[in-house]
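Take a look at the letters that make up each chain.
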Amino acid sequence: MRIKDFWRYIDTFAPFELAEEWDNSGLQVGSYAAEIKRVGICLDPVPEAVIEASEKGCEVLVCHHPLMFRAIKKININSEPGRTIYEALTRKVNIIALHTNWDKASEGVNATLANLIGLADCKPLDVFGVVGKLPNEIETEKFLERVKASWNLSSLDFYSEDMPEKISRVALCGGSGAEFWRTANNFHVDIYLTADMKYHELIDATRAGLSIALSEHGEMERASLPKLAEKISGANLEVVMLEAKALKKRLIKGR
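Fair warning: this is a prediction, and the values are worked out from it, not measured in the lab.

What counts, and where the lines are drawn
- Residues numbered from 1 in each chain as written.
- Predicted model: local features only at pLDDT ≥ 70, side-chain atom pairs only at ≥ 80, totals over all residues.
- Heavy atoms only, no water.
- Buried < 20%, exposed > 50% of the residue type's maximum accessible area, 1.4 Å probe, protein only.
- Helix = DSSP H or I, 4+ residues; strand = E, 2+ residues; numbered from the N terminus.
- Pairing = 2+ DSSP bridges.
- Right-handed = clockwise from strand over helix to strand, strands pointing away.
- Contact = heavy atoms within 4.5 Å.
- Salt bridge = Lys/Arg side-chain N within 4 Å of Asp/Glu carboxyl O.
- Core = buried A, V, L, I, M, F, W, Y, C linked by side-chain atoms within 4.5 Å.
- Axes fitted to C-alpha atoms, helices over the stretch in contact; angles between N-to-C directions.
- Phe/Tyr/Trp six-rings, centres within 6.5 Å; stacked < 30°, edge-to-face > 60°.
- Lys NZ or Arg CZ within 6 Å of the ring centre and 35° of its normal.

**Q** Please explain the pairing of strand S4 (residues 94-97) as it appears in this structure.
**A** The side chains of a regular strand alternate, first on one face of the sheet and then on the other. Residues of S4 alternate between two faces, with Asn94 and Ile96 on one and Ile95 and Ala97 on the opposite face, all of them buried. Relative to S4, strand S1 (residues 26-29) is paired through three bridges, and the arrangement is antiparallel. By the bridge assignment, Gly26 is partnered in S4 with Ala97. Sheet topology note: the strand S3 (residues 60-63)/S4 ladder contains four bridges and is parallel. Bridged to Val60 within S4 is Asn94. Read from S3 through helix H3 (residues 82-91) to S4, the crossover connection turns out right-handed.

Written out as structure tokens, the structure reads:
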């Protein structure tokens, strides 16, 4: 299969027209004419991911986050994104990013996150995220444990002025969802799940009556990669889940 045909296949389940104007989803490095047989899947297009993809026989690396968001004026192979570009061209690994189009796809990031924790009757949360309801309400602590286990998180931080006893209605936004907390609150949810909220945003949100649980950005979105691999395997290509991570988290426990 050629990259151009693979691109068309991806467009059937994560339409590129869904991508935001500021986004840079699509072919990042490579050629639409390149032949591919094996696909590597990762969250970030870091040099280690390109090298791992090459060593595992992948002609294309499909990542969630784009390699470049804005035009670059020079390519320095000793820094990013130059090193990744250099490794990709040298090793003949094409790079395709599925960012906001995968976020918003019917089986993409937010849909997968919602499904993993058992949300039903889901509706869109603004342009990103979803709002849904649990089939049966659950105690807050047990719900947080479910989220952490279902998304394979190393940690989950909870913030609330008045902790709800049970959880029924839930809003979530994979990755950076701070800007949507007011929308979530307008849906009268019991909790909002997202990442990357700043201190003063948390103060404003919790004092407005919204309970919030924050995970690490990458860990939250990484939970959708098995679904992405499943969708890509439908193109009759070999799919490899890569281990390389842009950010490695170390939990240090005190006494």
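**Q** What is the right way to look at helix H2 (residues 47-55) in this model?
**A** For the α-helix, the turn length of 3.6 residues means that residues three or four positions removed from each other point alike. Residues Pro47, Ala49, Val50, Ile51, Glu52 and Ala53 constitute the buried set of H2. Those residues of H2 that are buried lie in contact with strand S2 (38-42), S3, H3 and S4. Directly beyond the C-terminal end of H2, a positive phi value near 75° is found at Gly57.

**Q** Before we go on, may I ask you to explain the pattern of salt bridges in this structure?
**A** Any two side chains of opposite charge can pair, given that their charged atoms come close. As enumerated under the stated definition, the model contains ten salt bridges in all. When the shortest N-O distance is used, the salt bridge between Glu107 and Lys231 registers 2.8 Å. In this pair, Glu107 is assigned in the loop between helix H4 (100-104) and helix H5 (109-116) and Lys231 in helix H10 (residues 225-233), connecting sequence segments 124 residues apart. The exposure class assigned to Glu107 is partly exposed, which follows from its relative accessible area of 33%. Between Lys166 and Glu137 there is a salt bridge, with the nearest N and O atoms lying 3.9 Å from each other. Here Lys166 is found in strand S8 (residues 166-176), whereas its partner Glu137 is found in strand S6 (residues 130-139), with 29 residues between them in sequence. The exposure class of Lys166 is partly exposed, given its relative accessible area of 40%. A relative accessible area of 52% places Glu137 in the exposed class. Several salt bridges share partner residues, and in doing so they unite Glu107, Lys227, Glu230 and Lys231 into one network.

**Q** Help me out: how do you make sense of the nonpolar core in this one?
**A** Nonpolar side chains in soluble globular proteins generally cluster together in the buried interior. Core analysis: the biggest nonpolar cluster contains 47 residues, and Phe6, Val62, Phe143, Trp151 and Leu193 have the highest contact counts within it. Leave out the neighbours within four places in its chain, and Phe6 touches Met1, Ile36, Val39, Val60, Val62, Ile96, Ile232 and Leu237. Among the nonpolar cores identified, the runner-up in size contains 19 residues, and Val29, Cys42, Val50 and Ala244 belong to it.

**Q** Would you explain the environment of Lys227 in this entry?
**A** On the secondary structure map, Lys227 appears in helix H10. Judged by relative accessible area, Lys227 falls into the partly exposed class, the value being 22%. Ignoring anything within four residues of it in the chain, the contact list for Lys227 reads Trp102, Glu107 and Thr112.

**Q** Is there a simple way to think about the sheet that holds S4 in this case?
**A** Working definition: the strands of a sheet are paired by backbone hydrogen bonds and lie parallel or antiparallel to each other. The strand order S1-S4-S3-S2-S11 describes an open sheet built from five strands, whose pairing is mixed. A single partner strand is all that each edge strand has here, and the edge strands are S1 and strand S11 (238-241). Adjacent strand axes in the sheet meet at a mean angle of 30° when their direction is disregarded. Those strands touched by helix H1 (residues 3-13) are S1, S2, S3 and S4, and its axis lies near 15° from that of S4.

**Q** Help me out: how do you make sense of the packing of aromatic side chains in this one?
**A** In this description, a pair of aromatic rings is defined by centroid distance and the angle of the planes. Taken as a whole, this structure holds five aromatic pairs when the rule is applied. Between the aromatic rings of Trp7 and Phe16, the centroid separation amounts to 4.4 Å while the plane-to-plane angle is 5°, which identifies the pairing as stacked. The exposure class assigned to Trp7 is partly exposed, which follows from its relative accessible area of 26%. Joined through ring pairs, the aromatic side chains of Tyr9, Phe13 and Trp102 make up one cluster. When the ring centre of Phe128 is taken as reference, the NZ or CZ atom of Lys104 above it lies at 5.5 Å.

**Q** Help me understand unusual backbone geometry, please; the structure alone is not making it clear to me.
**A** Generally, phi is negative for residues other than glycine and the peptide bonds are trans, each holding for most cases. The step from Glu80 to Pro81 runs through a cis peptide bond, and the omega angle for that step is 0°. With respect to the helices, strands and loops of the structure, Pro81 is situated in the loop between S3 and H3. Its identity is not glycine, yet Lys92 carries a phi of approximately 60°, on the positive side. Phi is positive for Asn236, close to 60°, though the residue is something other than glycine.

Keep in mind these numbers describe shape, not what the thing actually does.
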